[in-house]
Amino acid sequence: MDRLKQSTKHLSWDYLKDNNLRTTATKPAETKQHWNECTISQKRFHPLSRKVEALIFFLHIPKTGGTTIRRSFRKMKGVDYFFARHKTDYNNKALPAIRNVLENKNENNTVFVEVHANSCPHLLELRQALTSWRETARKNGVPIFFFTMLRDPVDFAISYFNFFHVQQILGVGAHSERCAPTLENFLRLTRSNPQCEFLSRGGTSLIGAQSPANPLTERDCRVVYDAIRETMDWVGTTEKMTDDTLLVLSNLTSSKRSSFKTYNGATHVREELGMKDIGESGLKIVLARSSFDTTLYEQLQIDYA
């Protein structure tokens, strides 16, 4: 966390007001616990053994720990898990399942939808749908929980580089340049604010090199922040996943926390880049490229403490 102190200042609350960006956010000292608002204002989640219809929606940013979430819930009793990596998965499988559970037509199972990368809709495209689903859930008394996770921007950059450029396993990352795990390659291929980019432009925007003609702006990331605060009941972090996100999910589903195991979606190779290989100069470069992601990461930890 010390290195994050070198980042830019937090989002300005006055900026959000002055620029007419709609937000449900309050100042950090006044922040409410969203997941309590969501589940207590409707009916609480009950143990899955009681067969309760409910909806859990997970917007999975690549390299933030989603494999652990998926493997923990995919085969869980009482859960219908839908993993959408492409628009066809989302349109043909996830959407019908969401509509069914919101209309109490899902045979008393919890629907868990994970939207992840590729051609699936991004946060800003999902914003209206998430708001609409919440309203339908309130009307029909269906418990819902929408969440995502962020990662320390430097750790994200290292993990992303190793997975998509050094490993390229099982066809994953076939669109990416494969290279040796050197500092030169890492700095050459590391993207600017990739988590904000994914949330505002989707998984396909991460394919290939970033276009200098259409850079991500501070306003783009402020709109992402506004959309998260408006739609998400919980935002966790990869670094604290075991102590917060898995704890929240185990409470929601009345499952034993010990049943969750952490998984690494990568396949270990003989050589990969590590923090020790970056050095102070490399760290400064990555932090400079991650100023928007760092602000988002820091501020949302305050908001969803």
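In what follows, the structure referred to is the one given above.
Residues numbered from 1 in each chain as written. Predicted model: local features only at pLDDT ≥ 70, side-chain atom pairs only at ≥ 80, totals over all residues. Heavy atoms only, no water.

Student: Can you help me understand the sheet that holds strand S3 (residues 110-116) in this one?
Tutor: Spatial ordering of the open sheet is given by S2-S3-S1-S4-S5, a layout of five strands whose pairing is parallel. Every other strand in the sheet has two partners, leaving strand S2 (79-84) and strand S5 (234-237) as the edge strands with one partner each. Strand-to-strand twist of the sheet, defined as the mean angle between neighbouring strand axes without regard to direction, takes the value 20°. The pairing of strand S1 (residues 54-60) with S3 spans seven bridges and is classified as parallel. Counterpart to leucine 55 in the pairing with S3 is valine 111. (Pairing = 2+ DSSP bridges. Helix = DSSP H or I, 4+ residues; strand = E, 2+ residues; numbered from the N terminus. Axes fitted to C-alpha atoms, helices over the stretch in contact; angles between N-to-C directions.)

Student: Help me understand the packing of aromatic side chains in this model?
Tutor: The relative placement of two aromatic rings is captured by the distance of their centres and the angle of their planes. Counting across every chain of the model gives 11 aromatic pairs. Consider the rings of phenylalanine 156 and tyrosine 160, whose centres lie 5.8 Å apart with planes at 20°: the pair is stacked. Taken together, the residues span about one helical turn, with phenylalanine 156 and tyrosine 160 both in helix H6 (residues 153-167) at a distance of four residues. Each residue in the set Phe58, Phe73, Tyr81, Phe112, Phe145 and Phe147 is aromatic and connected to the rest through ring pairs, giving one cluster. Of note, lysine 63 hangs over the ring of phenylalanine 163, and the distance from its end group to the ring centre comes to 3.9 Å. (Phe/Tyr/Trp six-rings, centres within 6.5 Å; stacked < 30°, edge-to-face > 60°. Lys NZ or Arg CZ within 6 Å of the ring centre and 35° of its normal.)

Student: Looking at this model, I keep getting lost on helix H10 (residues 245-253). Mind explaining?
Tutor: The periodicity of an α-helix, 3.6 residues per turn, causes residues three or four positions apart to be oriented the same way. Taking burial as the measure, the nine residues of H10 include seven buried ones, the bulk of the element. Serine 254 sits one or two residues past H10 and shows a positive phi near 50°. (Buried < 20%, exposed > 50% of the residue type's maximum accessible area, 1.4 Å probe, protein only.)

Student: Would you mind going over the packing of helix H5 (residues 123-140) against helix H9 (residues 218-231) with me for this structure?
Tutor: A packed helix pair is summarised by two numbers, namely the angle formed by the two axes and the spacing between the axes. Following both chains from N to C, one finds H5 and H9 inclined at 20°, their axes separated by 10 Å at the closest point. Taken together, H5 and H9 sit at an angle that is classed as roughly parallel. Helix-helix and strand crossings are classified by hand; for H5 and H9 the assignment is left-handed. Within the contact between the two elements, H5 uses Leu123, Leu124, Arg127, Leu130, Thr131 and Arg134 and H9 uses Val223, Val224, Asp226, Ala227, Ile228, Glu230 and Thr231. When the residues that make up the contact of H5 with H9 are grouped by side-chain class, the tally is seven nonpolar, two polar and four charged. (Parallel < 35°, antiparallel > 145°, perpendicular 65-115°, else oblique. Left-handed = near helix turned anticlockwise from the far one by under 90°. Contact = heavy atoms within 4.5 Å. Nonpolar A, V, L, I, M, F, W, Y, C, P; charged D, E, K, R; others polar.)

Student: Looking at this model, I keep getting lost on the pairing of S1. Mind explaining?
Tutor: As a general feature of sheets, a regular strand has side chains that alternate between the two faces. Where burial is concerned, most of S1 is hidden: seven out of the seven residues are buried. In S1, alternate side chains face the same way, and those of Ala54, Ile56, Phe58 and His60 on one face and Leu55, Phe57 and Leu59 on the other are all buried. In the sheet, S1 pairs with strand S4 (residues 144-150) via five bridges, with the strands oriented parallel. Bridged to leucine 55 within S4 is isoleucine 144.

Student: Would you take a moment to explain the nonpolar core for this structure?
Tutor: The nonpolar side chains of soluble globular proteins are, as a tendency, buried together. Counting 64 residues, the largest nonpolar core has Phe57, Ile69, Leu199 and Ile228 as its most contacted members. Considering every element that reaches this core, the biggest residue donor is helix H4 (residues 87-102), with seven residues. (Core = buried A, V, L, I, M, F, W, Y, C linked by side-chain atoms within 4.5 Å.)

Student: Where do I start with the environment of alanine 84 in this structure?
Tutor: By the element assignment, alanine 84 lies in strand S2. Judged by relative accessible area, alanine 84 falls into the buried class, the value being 1%. Residues alanine 84 and cysteine 120 lie 36 residues apart in sequence; the distance between their C-alpha atoms is 7.1 Å. Other than its neighbours up to four places away in sequence, alanine 84 contacts Asp89, Tyr90, Glu114, Val115, His116 and Cys120.

Student: I would appreciate a short explanation of unusual backbone geometry in the present structure.
Tutor: A negative phi holds for most residues other than glycine; trans holds for most peptide bonds. A positive phi angle, close to 60°, is found at asparagine 104, a residue other than glycine. Backbone geometry at asparagine 193 places phi at a positive 50°, although glycine is not the residue there. Within the element layout of this structure, asparagine 193 appears in the loop between helix H7 (183-189) and helix H8 (194-201). The buried category is assigned to asparagine 193, whose relative accessible area is 5%.

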